[in-house]
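These are the residues of each chain, in order.
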Amino acid sequence: MKRNLSKFTRHIFVAIAGLALLLSIAGCSTKSDTITIGGKDFAESKILSNMMKLLIENNTDVKVKLKTGLAANITWEALKKGDIDGYVEYTGTGLINILKQAPVTDSKQAYNIVAKEFPKQYEIKWLKPLGFNNTYVVTMRKDQADQLGIKTVSDLAAKSDQLIFGTGQEWLGRKDGFPAFENTYHVSFKKVVTMDYGLWYPSILNKKVDVIIPYSTDGMIAKYDLVLLKDDKHLFPPYDAVPIFKEKVLKDHPGLEKAVNELAGKINEKEMQKLNAKVDIDKEDPAKVAQDWLKAKGLIK
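None of the values given here were measured: they were computed from a predicted structure.

Applying the stated criterion across every chain, the model contains 19 aromatic pairs. Ring geometry for Trp-76 versus Phe-118: centroids 5.4 Å apart, planes at 65°, classification edge-to-face. Of this pair, Trp-76 sits in helix α3 (residues 72-81) while Phe-118 sits in helix α5 (residues 107-122), and the two are 42 residues apart along the sequence. Judged by relative accessible area, Trp-76 falls into the buried class, the value being 7%. Taking 6.1 Å as the distance between ring centres and 70° as the angle between the ring planes, the aromatic pair formed by Phe-178 and Phe-181 counts as edge-to-face. Remark: Phe-181 and Phe-178 occur in helix α9 (residues 178-185); sequence separation between them is 3 residues, near one turn of the helix. What makes Phe-178 buried here is its relative accessible area of 9%. Three or more aromatic residues link up through ring pairs in this structure, and these residues are Tyr-136, Phe-165, Trp-171, Phe-178, Phe-181, Tyr-185, Phe-189, Tyr-215, Phe-236 and Tyr-239.

So, in structure tokens, the structure goes:
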């Protein structure tokens, strides 16, 4: 009886060990087969997150969950903590806001710095740039710029005392914002008006303000045919869009990096403006905009 009980006990232990192994394998499989991609709280970021999701799921066995609509600082913190595994960041943001380094004006130099420092400091890799630079642009109504003979920001500065400048409260105090704009170009506007971003374009179109400094890929620029003035003194640092991912995630999924890099060099500023306009102005779903664009480019079927 004692011998039979011992034999029975051994069978129980073997069964439990086998079940534990199966559960462990199942758990590992679930973990390794799903990643989370984040996105900031504006159209462009949501579109790009969906593009990455579709490319990854069409070219690998990895499943992707999305966490979009996050504030910029929260997106970065989520990646550091491991709440998300990757998202599209901008070189200027990585250099100035995250690494706390001085701005540089050369795109390649900015990329090289972040691509070198992030793996060392955070074990995060910058993949290949997508092809567009979403930096600040000094913008006016075309008819007014033509009337005043303004083509560059230096031209604007010479006549800034005739013009009203509109911007957000946050940009007024940023190092790379209004103080840098004043110091570099010596602008002296007739008036400076602060307002929420949603009022910028209505205000310039309704002639409440004359000059705004939005992002170069804003959909509204293409929609309303505003003129972009040449930054002839190279004030604004490059903000090239680049997917960034945790190195461990890329290592665990060998096909992931190749799938995302299918986007490398494929999107310029004009194209991104049009895609953003579809979401911001035409109110299309970012997932649909991403899917339609990838299909049109032959990147997915």
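Moving on, we come to the confidence of the model for the protein. In low-pLDDT segments, the atomic positions of the prediction should not be examined closely. Across the protein, the average pLDDT comes to 89, with 89% of residues at 70 or higher. In the predicted structure, residues 1-5 sits below a pLDDT of 50 and forms 0 contacts with residues beyond four places in sequence or in another chain. The low-confidence segment residues 22-31 (pLDDT under 50) makes 0 contacts with residues lying over four places distant or belonging to another chain.

Attention shifts here to the side chain of Thr-167. Structurally, Thr-167 can be placed in strand β6 (residues 164-167). If sequence neighbours within four positions are ignored, Thr-167 has contacts with Leu-172, Val-193, Thr-194, Met-195 and Trp-200.

This brings us to helix α2 (residues 43-59). Between its terminal C-alpha atoms α2 stretches 24 Å, which fits the 24 Å expected from 17 residues at 1.5 Å a residue. Summarising burial for α2: 12 of the 17 residues are buried, a large majority. Among the residues making up α2, those that are buried are Ala-43, Glu-44, Ser-45, Ile-47, Leu-48, Ser-49, Asn-50, Met-51, Met-52, Leu-54, Leu-55 and Ile-56.

If you check the backbone angles, Lys-207 has positive phi at about 65° while not being a glycine. For Lys-283, which is not a glycine, the phi torsion comes out positive at approximately 60°. If you trace the backbone, Lys-283 turns up in the loop between α14 (269-280) and α15 (286-296).

Cut-offs used in this document
Residues numbered from 1 in each chain as written. Predicted model: local features only at pLDDT ≥ 70, side-chain atom pairs only at ≥ 80, totals over all residues. Heavy atoms only, no water. Phe/Tyr/Trp six-rings, centres within 6.5 Å; stacked < 30°, edge-to-face > 60°. Helix = DSSP H or I, 4+ residues; strand = E, 2+ residues; numbered from the N terminus. Buried < 20%, exposed > 50% of the residue type's maximum accessible area, 1.4 Å probe, protein only. pLDDT = per-residue confidence, 0-100. Contact = heavy atoms within 4.5 Å. Expected span 1.5 Å × (residues − 1).

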